[in-house]
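# Secondary and tertiary structure notes
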Amino acid sequence: MNASRPLRTPDDLLEAGLVAPEDLAGIRDVAERYAIAISPAMAALIDRKDPDDPIARQFVPDPAELKVTPEERADPIGDLAHSPVEGIVHRYPDRVLLKAVHVCPVYCRFCFRREMVGPQGLGTLSPEAMDRAFGYIADHPEIWEVILTGGDPLVLSPRRLAEIMQRLSSIDHVKIVRFHTRVPVVEPERIDESLNAALKASGKTAYVALHANHPREMTPAARAACARLVDAGIVMISQSVLLKGVNDDADTLADLMRAFVETRVKPYYLHHPDLAPGTSHFRLSVEEGRALVAGLRGRISGLCQPTYILDIPGGHGKAVIGPEAIRGSGGCTTVLDFKGGEHAYPPSE
Ligand code: SF4
């Protein structure tokens, strides 16, 4: 059955045919710990006959989430270590995260901020906290880019988004405003003229970083929503998480990256899954990830290549995990081509 409203409780999931009655008790245990929401668009996309459906795996709770491994942590990428005032994360000199809201239209089972988002999460910044966050940005002339994340900033009304953009437009040193969101895919109907207008402010360039992990998420409605954003002058880039059982094969990743490029969304980041609590069933090893990404070279256009990155636990920032293409140094460098062939550089003749 297709839902007309988000599914938020174990009983909603049962009624929608996404959970079997015998599994309900385990799902209720997960629901006590982590938020649940599946938007109508995503509920409609799930193939109920496929027990391994990659869309269901991203959104339908799994009792495996209650198993926490020793290396997992509540704040896997170390936001708190770099938060000078509530709502701001200042990890790199020229940019900050502004976490205005900790609500999402869907709750991803692998979420790296799962301890912060949802009804029991950090909520929405109070007006006073917003004042302090904007004050911090205004007081730091080195901040060139503000990244609205959370939570999903595009759950805010166009009026609230326009207010945020208006306040940023009065801070001259901020040039770029980036929105991290799943909305164009999971609630494409929200992307309309008033939302597009709200994302613009004089003197600022708006980027929307779309989070999607499987090519089936790029439905005609999602593609149309992206087209509305791009046609309105907003630059789109992608971010995806490499997830076991969702996109951990080269064909799926290639189709996903191609779908982005066809939709005028430039592939940007492919994240190695973070050490969020209860997510070990989604994680593959760095070596497995590296082999998959190496398999994309040669197979798909350079336009489609994402940068594979790992957020170093503890808040130390991102590290690029490249396929090992160069060995040696100085006069004896060996370069690997996309088939694994070795070539001396510079060539001997
Ligand atoms: S949309 Fe982003 S912040 Fe929200 S649950 Fe998914 S991964 Fe987490």
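Notes on the structure follow. (Residues numbered from 1 in each chain as written. Predicted model: local features only at pLDDT ≥ 70, side-chain atom pairs only at ≥ 80, totals over all residues. Heavy atoms only, no water.)

Now for the layout of surface pockets. By volume, the largest pocket amounts to about 760 Å³. Along the walls of the largest pocket sit 38 residues, with Phe 112, Arg 113, Thr 149, His 180 and Gln 239 positioned nearest its centre. Every element with two or more residues in the lining of the largest pocket is listed here: β1 (88–92), β2 (95–99), β3 (145–149), β4 (176–181), β6 (235–241) and β7 (266–271). By residue class, the composition of the lining of the largest pocket is 19 nonpolar, 10 polar and 9 charged. The space that makes up the second largest pocket amounts to roughly 510 Å³. Taken together, 24 residues form the lining of the second largest pocket, with Leu 18, Pro 51, Ala 56, Arg 57 and Val 60 sitting closest to its centre. Residue composition of the lining of the second largest pocket, by class: 11 nonpolar, 3 polar and 10 charged. (1 Å grid on protein atoms, 1.4 Å probe; cavity = no way out; pocket = protein on both sides within 12 Å on 5 of 7 lines; lining within 4 Å. Points joined across faces, edges and corners; volume = space filled by probe spheres on them. Helix = DSSP H or I, 4+ residues; strand = E, 2+ residues; numbered from the N terminus. Nonpolar A, V, L, I, M, F, W, Y, C, P; charged D, E, K, R; others polar.)

A large share of β2 lies buried, amounting to 4 of its 5 residues. As paired elements, β1 and β2 share 3 bridges and run antiparallel to each other. Among the inter-strand pairings, Val 89 is bridged to a residue of β2, identified as Leu 97. The loop that links β1 with its antiparallel partner β2 comprises 2 residues. Both β2 and β3 contribute to a ladder of 5 bridges, which runs parallel. Among the inter-strand pairings, Leu 98 is bridged to a residue of β3, identified as Leu 148. Viewed along the sheet, the connection from β2 through helix α5 (residues 127–139) into β3 turns out right-handed. (Buried < 20%, exposed > 50% of the residue type's maximum accessible area, 1.4 Å probe, protein only. Pairing = 2+ DSSP bridges. Right-handed = clockwise from strand over helix to strand, strands pointing away.)

On to helix α2 (residues 24–33). Among the residues making up α2, those that are buried are Leu 24, Gly 26, Ile 27 and Val 30. With its buried residues spanning 155° around the axis, α2 presents them on a single face. α2 presents Ala 25 and Glu 32 as exposed residues on the side facing more than 90 degrees away from its buried surface. Contacts made by the buried residues of α2 are with α1 (10–15). (Arc of directions from axis to C-beta. Contact = heavy atoms within 4.5 Å.)

Let us now look at the sheet that holds β4. Across the sheet, 9 strands lie side by side as β1-β2-β3-β4-β5-β6-β7-β8-β9; this open sheet has mixed pairing. Strands with a single pairing partner mark the edges of an open sheet, and in this sheet they are β1 and β9 (318–320). Going from strand to strand, the sheet's axes swing by 25° on average, the running direction of each strand aside. Pairing between β7 and strand β8 (residues 307–311): 3 bridges, direction parallel. The residue bridging Leu 270 from the neighbouring strand is Tyr 308, located in β8. (Axes fitted to C-alpha atoms, helices over the stretch in contact; angles between N-to-C directions.)

Following both chains from N to C, one finds α5 and helix α6 (residues 158–169) inclined at 30°, their axes separated by 10 Å at the closest point. In this structure, α5 meets α6 at a crossing whose hand is right-handed. Of the residues in α6, those in contact with Met 130, Asp 131, Phe 134 and Ile 137 of α5 are Ile 164, Arg 167 and Leu 168. Of the residues that constitute the contact of α5 with α6, the class distribution is 5 nonpolar, no polar and 2 charged. (Left-handed = near helix turned anticlockwise from the far one by under 90°.)

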